[in-house]
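Observations on the model geometry
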Number of protein chains: 2
Amino acid sequence: MATPPSPAPEPLGPGEPVLAVDVGGTDMKAALVDASGRLVEVLRRPTPLDGDRTGEAVVEAVARLADGFRDRHPDVTPAAAGLLVPGHVDDDAGVGVFAENLGWRDFPFRDRAEAALHLPVSFSHDVRGAGEAEHRLGAAAPYRDVVVMAIGTGIAGAVFIDGRLYTGGGMAGEMGHSRVADGPRCACGGIGCLEAVASAAAIARRYNARTGASLPGAREVLERAEAGDPDARAVWDSALDALALDLSHTVALLAPEAIVIGGGLAQAGPALFEPLRERLDGILTFHRRPALLPASIGENAGLIGAALRARDLLGAPAVQAAS
Amino acid sequence: MATPPSPAPEPLGPGEPVLAVDVGGTDMKAALVDASGRLVEVLRRPTPLDGDRTGEAVVEAVARLADGFRDRHPDVTPAAAGLLVPGHVDDDAGVGVFAENLGWRDFPFRDRAEAALHLPVSFSHDVRGAGEAEHRLGAAAPYRDVVVMAIGTGIAGAVFIDGRLYTGGGMAGEMGHSRVADGPRCACGGIGCLEAVASAAAIARRYNARTGASLPGAREVLERAEAGDPDARAVWDSALDALALDLSHTVALLAPEAIVIGGGLAQAGPALFEPLRERLDGILTFHRRPALLPASIGENAGLIGAALRARDLLGAPAVQAAS
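Only a predicted model underlies this, so the values are computations on that prediction, with no experimental measurement involved.

Rules used throughout
- Within each chain, residue numbers correspond to sequence positions counted from 1 in written order.
- To label them, take the chains in the order written and letter them from A, then take the ligands in the order written and number them from 1.
- Two thresholds apply to this predicted model, a pLDDT of at least 70 for residue-level local features and 80 or more for giving and counting side-chain atom pairs, whereas whole-chain, interface and lining totals are computed over all residues.
- Hydrogens are left out, water is left out, and the side-chain values use all remaining heavy atoms of the structure.
- Here the bounds of each domain stem from an automatic or database domain assignment.
- A contact between two residues is defined here by any heavy atoms of the two lying within 4.5 Å.
- Each of two parts loses accessible area, computed with a 1.4 Å probe, when they are put together; buried area is these two losses added.
- Salt bridge criterion: a side-chain nitrogen from Lys or Arg within 4 Å of a carboxyl oxygen from Asp or Glu.
- Counted as a polar contact is a pair of N or O atoms within 3.5 Å, where, for protein atoms, one must be capable of donating a hydrogen and the other of accepting one, and residues adjacent in sequence contribute only when both atoms are in side chains.
- Helix and strand definitions here come from DSSP, where helices need a minimum of 4 consecutive H or I residues and strands a minimum of 2 consecutive E residues; each element is numbered from the N-terminal end.
- Residue polarity follows a fixed list, in which Ala, Val, Leu, Ile, Met, Phe, Trp, Tyr, Cys and Pro are nonpolar, Asp, Glu, Lys and Arg are charged, and the others, Gly among them, are polar.
- Buried residues are those whose accessible area, probed at 1.4 Å on protein chains only, stays under 20% of the maximum for their type, while exposed residues exceed 50% and partly exposed ones sit between those limits.
- The rule for pairing is simple: two strands pair if DSSP sees at least two bridges between them.
- Only the contacting stretch of a helix is used when fitting its axis, a line to C-alpha atoms as for every element, and angles between N-to-C directions run 0 to 180 degrees.
- Here a cavity denotes a set of grid points, spaced 1 Å apart and computed over the protein atoms alone, in which a 1.4 Å probe fits but from which it cannot get out, and a pocket denotes an open set meeting protein on both sides within 12 Å along at least five of seven lines; residues with an atom within 4 Å of a point are reported as lining.
- Grid points are joined across faces, edges and corners, and a volume is the space filled by probe spheres set on the points.
- When the copies are overlaid, the least-squares fit takes in C-alpha atoms only where the residue has pLDDT of at least 70 in both copies.

1. Comments concerning the domain arrangement of chain A
All names here are of chain A. Domain boundaries assigned for chain A yield domain 1 (2-131 + 299-313) and domain 2 (141-294). For domain 1 and domain 2, the distance between their C-alpha centres works out to 26 Å. Counting from both sides, the interface comprises ten residues of domain 1 and, opposite them, 15 residues of domain 2. At the boundary of domain 1 with domain 2, total buried surface from both sides reaches about 900 Å², with 62% on carbon and sulfur atoms. Here domain 1 is connected to domain 2 by zero salt bridges. Summed over the shared surface of domain 1 and domain 2, the result is one residue pair in polar contact (both at pLDDT 80 or more). Sort the elements by how many residues they give to the side of domain 1 that touches domain 2 and helix α3 (residues 126-137) lands first, with three residues. Tallied by class, the residues present in the side of domain 1 that touches domain 2 amount to two nonpolar, four polar and four charged.

Laid out in structure tokens, this is it:
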């Protein structure tokens, strides 16, 4: 199924045409980007789960998507590709080290994708890619020291220090797996991880477990909380407490100028940001208060980040964050 | 009172002669460093506390110490000075923003010290200065992504990212003021700050409050814990739990290659590092395990860091961490 190009102004701007791919745990998205920076076509496909062949299957799917773009848009010839996947990703080595539920182990995504696409490929982590889009073109652009968090099925972040993405060997930004409570057990094996308490998925799961309901997501839990359901209120409030506690640790250690939050939970808008700001302020004392901002690029941030990274490979003058 | 130069090999190495000053909440230390890198003389004085004139009084004391060095060592003429103070320090602006119990507010230490000493002055935070010594010459030298923590009266750290000190506008590394427990109240106004639970001073204070004893420090609490005192054991164990929890947050967010711990508490050696490593390992799951190492420069790390920074001003080829 093809989705129409976003009606929002395309933030990429002119540059080389590129291919952008953002692989998630459930779906993968691909976009063909033309020389004006427009996402000519955006496709979404189920991520091909195939046990320990999943890495190969993903690369094959990317190649098929590229073939389709070429057939339908012969006038747009990508000069490079950007590929993002979740999990533990070693950007420098071009390797997908590990991803929960996705089967690969040390899979050389960059080399395999370059061979399949006959294009230079920039390979990174999905949250870091989306973070780069926010940092170069979105809400994080005014800041040199800034953390961009994605709160959806999971929780992770991209850390920018002195204007540059910091990857920590591919392992930085895993604040979703910081212990913030005595429970519940997290899929990673840890206890009380932020992600197990406060991700959009965890909020729905915890409410359903508590009440026997089967709400599909955090949005519905928030609606019930706002309608006066005490269980929903307790779950939502405890998620806010956990998020604020984690943010306070980030502030104490890094003192970022801003923390930008995207992902599904950020759709809650002021119902998330206002109480979160208040709780964070209640924990901090002398610390530097970060601006707490919603991400601004929207659901295609990963694709835009992948496109930026692909263009970087071509030596085009990249859009840089303000200094 | 003059203390003899450290019998340990001097790590600084050849360079310009400089003056190094490390101001603490109780004492200040000053050293004259000669061209061979030897600490020719190390002096310790009570920090002159004089209400909101404390900044001026510190600079006056530094000038007097420099005069004394000149009289006694006319053959060693410093070409620059390094000055470190505690609290919130804006390295770039050269300003001591605030320090608990030390009276100053936005005091222009660098400018005042340059005027008083007639020398160029490098100004920074005491823990960052000691961290730079560890990062260039000590236990942190093999690492590009490393956190150097000092655990003594307080708890703070120096964060090195991609081989460079990150200051966060002078506010990074304040993990001592991360909430890790429901109490006690911290001097900063926060609740359950790491520093209020696990600093050397807090360990003694908490044990004394619990038992009515009046032990002078954490060392004596550890001795009692090892001798089977259940109160001492409970206090020591809860400090280890708090430290491990905080380290786990640092690991999740930054994935440093190593965490180096200095300050008074690190004197406990294996009694600190072994259970801390075990607890940290018990919290982490897929995360990158940092090396957990004792600082190696010793009690003069601040002076050595101040001397390194002073030499940096002179454009001498600075000793750099391994890449």
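2. Section: the pattern of salt bridges
Residue and element names in this part refer to chain A. Within the structure shown, the criterion is met by 34 salt bridges over all chains. We note a salt bridge from Asp 237 to Arg 233, for which the minimum N-O separation is 3.1 Å. Of this pair, Asp 237 and Arg 233 both sit in helix α7 (residues 230-254), separated by four residues, roughly a single helical turn. The partly exposed category is assigned to Asp 237, whose relative accessible area is 23%. Across the pair Arg 279 and Asp 237 runs a salt bridge, and its minimum N-O distance is 3.6 Å.

3. Topic: the interface of chain A and chain B
Taken together, the contact pairs 32 residues of chain A with 32 residues of chain B. Interface area for chain A against chain B, summed over the two sides, is near 3000 Å², with a carbon-plus-sulfur share of 64%. Broken down residue by residue, the surface that chain A buries against chain B is led by Tyr 166, Leu 253 and Phe 286 of chain A, which jointly contribute 24%. Summed over the shared surface of chain A and chain B, the number is two salt bridges. Across the pair Arg 164 of chain B and Asp 162 of chain A runs a salt bridge, and its minimum N-O distance is 3.8 Å. Our count for the chain A to chain B interface comes out at 13 residue pairs in polar contact (both at pLDDT 80 or more). Elements with a contribution of two residues or more to the side of chain A that touches chain B: β11 (155-161), β12 (164-166), α7 and α8 (270-283) of chain A. Ranked by the residues each element gives to the side of chain A that touches chain B, the list is headed by α7 of chain A, at six residues. Considered class by class, the residues forming the side of chain A that touches chain B number 14 nonpolar, twelve polar and six charged.

4. A few points about the sheet that holds strand β6 (residues 88-90) of chain A
Residues and elements named next belong to chain A. Across the sheet, three strands lie side by side as β6-β7-β8; this open sheet has antiparallel pairing. The outermost strands of the open sheet, each flanked by one partner alone, are β6 and β8 (105-107). Along the sheet, successive strands turn relative to each other by an average axial angle of 20°, direction set aside. Note: strand β7 (residues 95-98) against β8, two bridges, orientation antiparallel. Note on β8: the bridge partner recorded for Phe 98 is Arg 105.

5. Examining empty space enclosed by the protein
Applying the stated rule across the entire model yields three cavities of 30 Å³ or more. In this structure, the largest cavity encloses a volume near 70 Å³. Every residue along the wall of the largest cavity is listed here: Ser 178, Asp 246, His 249, Thr 250 and Leu 253 of chain A together with Met 175, Ser 178, Asp 246, His 249, Thr 250 and Leu 253 of chain B. When residues of the lining of the largest cavity are traced back to their parent elements, those giving at least two are α7 of chain A together with α7 (230-254) of chain B. Taken together, the residues that form the lining of the largest cavity break down as three nonpolar, six polar and two charged. Each pocket or cavity is described by its volume, and for the second largest cavity that value is around 60 Å³. Considered class by class, the residues forming the lining of the second largest cavity number four nonpolar, five polar and one charged.

6. Concerning the relation of the copies chain A and chain B
Relating one copy of the chain to the other requires a rotation about an axis plus a shift along that axis. Laying chain A over chain B is done by rotating through 180° and shifting 0.0 Å along the axis; what remains is an RMSD of 0.0 Å. One copy is carried onto the other by what is essentially a two-fold rotation axis. Most of the interface of chain A is mirrored in chain B: 100% of its interface residues are interface residues there too.

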